[in-house]
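Chain and residue survey
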Amino acid sequence: MKLAIVGTGYVGLVTGTCFAEMGNEVICVDIDARKIEKLNRGELPIFEPGLEIYYERNRREGRLHFTTSLEDALPESEVIFLALPTPPGEDGSADLSYVLGVADQIARWMVAHPETGYKIIVNKSTVPVGTADRVREIFESYGLKAGEQFDVVSNPEFLREGVAVDDFMKPERVIIGTRSPRAAEIMTQLYEPFVRQGNPILVMDERSSEMTKYAANAFLATKITFMNEIANVCERVGANVDEVRRGIGLDSRIGKQFLYAGIGFGGSCFPKDVKALARTAEEYGYAFQILKAVLDVNERQRRLLAERVYDYFEGQLEGRRLAVWGLAFKANTDDVREAPSHVIIRKLLEHGADLVVFDPEAMANTRAVFGDALTYAPGMYEALDGAEALIICTEWNEFRRPDFQRMRNRLARPLIFDGRNLYHPKRMAEMGFEYYSIGRPHYPPHANPDPVLLASSSTTDGKTGA
Ligand code: UDX
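Since the structure is predicted, the reported quantities are computational estimates derived from the model, not experimental observations. Sequence positions are assigned chain by chain, starting from 1 and proceeding in written order. Under the rules for a predicted model, residues below a pLDDT of 70 receive no local features and side-chain atom pairs below 80 are neither given nor counted, while totals for whole chains, interfaces and linings still include all residues.

Turning next to the UniProt feature "domain: UDP-glucose/GDP-mannose dehydrogenase C-terminal" (unreviewed entry) in the protein. Mapped onto this numbering, the UniProt entry annotates "domain: UDP-glucose/GDP-mannose dehydrogenase C-terminal" (unreviewed entry) at residues 323-425. Put simply, DSSP marks the helices as runs of H or I at least four residues long and the strands as runs of E at least two long, and each gets a number from the N terminus on. Across residues 323-425 one finds 26% helix and 17% strand; the C-alpha atoms that close the span lie 20 Å apart. UniProt positions are given in the numbering used here, feature names are shortened, and annotations may be inferred rather than shown by experiment.

Our focus in this paragraph is the sheet that holds strand S14 (residues 434-436). Strands were regarded as paired on the criterion that DSSP finds at least two bridges between them. Pairing in this open sheet of 6 strands is parallel, and the strands run S11-S10-S9-S12-S13-S14 from one edge to the other. The sheet is open, and its two edges are formed by strand S11 (375-376) and S14, each paired on a single side. For strand S9 (residues 321-325) and strand S10 (residues 354-358), the ladder comprises 5 bridges, and the chain directions are parallel. The partner of Trp325 across the bridge, within S10, is Phe358.

This part covers the packing of helix H1 (residues 10-21) against helix H3 (residues 51-60). To get an axis, fit a line to the C-alpha atoms, keeping to the stretch in contact for a helix; angles then go from 0 to 180 degrees between the N-to-C directions. Two elements in contact, H1 and H3, have axes whose closest approach is 9 Å; the angle formed by their N-to-C orientations is 60°. Judged by the angle between their axes, H1 and H3 are oblique. The element H1 and its partner H3 pack so that their crossing is left-handed. Listed contacts from H3 to Val14, Thr17, Cys18, Ala20 and Glu21 of H1 are Leu51, Tyr54, Tyr55 and Asn58. Here the contact of H1 with H3 is composed, by residue class, of 6 nonpolar, 2 polar and 1 charged. What sets the label is the angle itself: under 35 degrees gives roughly parallel, over 145 gives roughly antiparallel, 65 to 115 gives roughly perpendicular, and the rest give oblique. Should the near helix be turned counterclockwise from the far one by less than a right angle, the crossing is left-handed, whereas a clockwise turn marks it as right-handed. Think of it this way: build a C-beta for each residue from its backbone, and any pair within 7 Å is a contact. Gly counts as polar in this scheme, as do all residues outside two lists: the nonpolar Ala, Val, Leu, Ile, Met, Phe, Trp, Tyr, Cys and Pro, and the charged Asp, Glu, Lys and Arg.

With that settled, consider the UniProt feature "active site" (unreviewed entry) in the protein. Here the UniProt feature "active site" (unreviewed entry) sits at Cys269. For Cys269, the location among the structural elements is in the loop between helix H10 (241-249) and helix H11 (270-283). If near-sequence neighbours (up to four positions away) are discounted, Cys269 is found in contact with Thr126 and Asn217.

Every C-beta atom is placed from the backbone, and the number of other C-beta atoms within 10 Å of a residue's own sets its class: buried at 20 or more, exposed at 12 or fewer, partly exposed in between. In terms of burial, strand S5 (residues 119-123) is largely enclosed, as 5 of its 5 residues are buried. Where burial is concerned, the two faces of S5 agree: the one with Lys119, Ile121 and Asn123 and the one with Ile120 and Val122 are both buried. Both S5 and strand S6 (residues 150-154) contribute to a ladder of 5 bridges, which runs parallel. Paired with Asn123 across the two strands is Ser154, which belongs to S6. For the handedness criterion, the β-α-β arrangement of S5, helix H6 (residues 131-141) and S6 is classed as right-handed. The handedness rule is simple: strands pointing away from the viewer, and a clockwise path from the first strand over the helix to the second, make the crossover right-handed.

Close to the ligand lie 19 residues; Glu161, Tyr260, Phe265, Gly267 and Cys269 are nearest. The dominant element in the shell around the ligand, judged by the number of residues it contributes, is helix H9 (residues 206-237), at 3 residues. By residue class, the composition of the shell around the ligand is 11 nonpolar, 4 polar and 4 charged. Here the shell around the ligand gathers at least three residues from each of two domains, domain 1 (2-203) and domain 2 (205-466). Should the C-beta atom of a residue, placed from the backbone, lie within 6 Å of a molecule or strand, that residue is near it. All domain edges in this entry derive from an automatic or database-based domain assignment.

With that settled, the discussion passes to the domain arrangement of the protein. Split by domain assignment, the protein resolves into domain 1 (2-203) and domain 2 (205-466). When each unit is reduced to the centre of its C-alpha atoms, the spacing between domain 1 and domain 2 is 34 Å. Domain 1 puts 25 residues into the contact, and the matching count from domain 2 is 26 residues. At the level of secondary structure, the elements contributing two or more residues to the side of domain 1 that touches domain 2 comprise H6 and strand S7 (174-177). Residues belonging to the side of domain 1 that touches domain 2 are distributed by class as follows: 12 nonpolar, 9 polar and 4 charged.

As structure tokens, then:
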């Protein structure tokens, strides 16, 4: 099939590339000329595991194209995906100007080119309930006929950054929101190769489809937030959230996934979508109480680690060197949008701390936000030199089994605040670390660290520390 993808952000690029990989001919459009130039040179603007191979192969084989001209993309395309930004406005509602603006351009083009055939306009972006209807009305306002010349479909994405390519290629479900049998048939054909293992394609009305996306993200954000609150209570009553997580996760009604307590959710979707759903409910006269609490609790949780550090040093942070491991909002991405690490960094900077940071992928994006206010270490161990504490904000795998001996040699104080529960609290104490994590007990560090434990974690000569 011939497809156009308007918007080459994270969702657009993954969508376009994966459709090309299934043999479709795809043209991606973006108004950002520099981005398109880069993409045409063979450079991907984002880091996403697995994307590069597909991108290179499909470009080479001539199935994946990039242009700044919407007009170039329209004539051939049977299905046009809108993967455009919907940033939250002041009041939390999603700003639809990009989506509606592009819809208007497409409608005008179709009127000027009556010879062009039937086209499907697909909303891939997360958009408020009712947006498909608004897009359809734009086309109708130009005299175009739904079901004959065009149809508008809601087709939300459920892509997790870091595993987006896998999520796209093997979706657990595909949601197609349309009441047009013609559009439903074409969309089903397009997605069939992706669900050959038997996962369902659900066809439903547009509003239910739009709502499904918000409900999924809001539910997941609530699930995490609930666990964060459980963790906070665990700390107070002397329970261990790891045990509680295992204990409840085995109940299939609850499920094992998405139960990890930490420093709050971030990213480009959850905060924005939770706010937008709360706002939509309000517009319709309904107060969505749980979501308000989710947002409040998440704000508090994102400040938690910074407050803990502040309290530990009794407010004396001025000029104090602290190391931060992890800047991305989660592992396997370079994305720092709404990252808890940035909330923590901002707080610590306000109190005058001297921060040395490291992240395997998100250094450039963090530098773009904080500039010279931070020191950017070339490696995870270098970040520790002379630091009086290490603060862990992202669960990158390389942080999970570090060389603890080397860490001890480099840190000015064996003190760790772990926002992702990467290590075993008791073992850390046995290795002489003062270790604080989320929702788990704190053990006083042993005065004489266990040399066997430290040596077993050591991958180099601990004395050189290099
Ligand atoms: C999310 C949805 O999962 C995806 O379906 C949707 O379409 C886009 O938004 P993403 O933002 O990439 O994807 O991240 P996700 O893996 O869902 O994590 C969101 C946040 O929750 C991260 O900040 C993560 O660190 C946090 N999280 C996740 C936890 O704190 N604990 C968990 O157990 C899981």
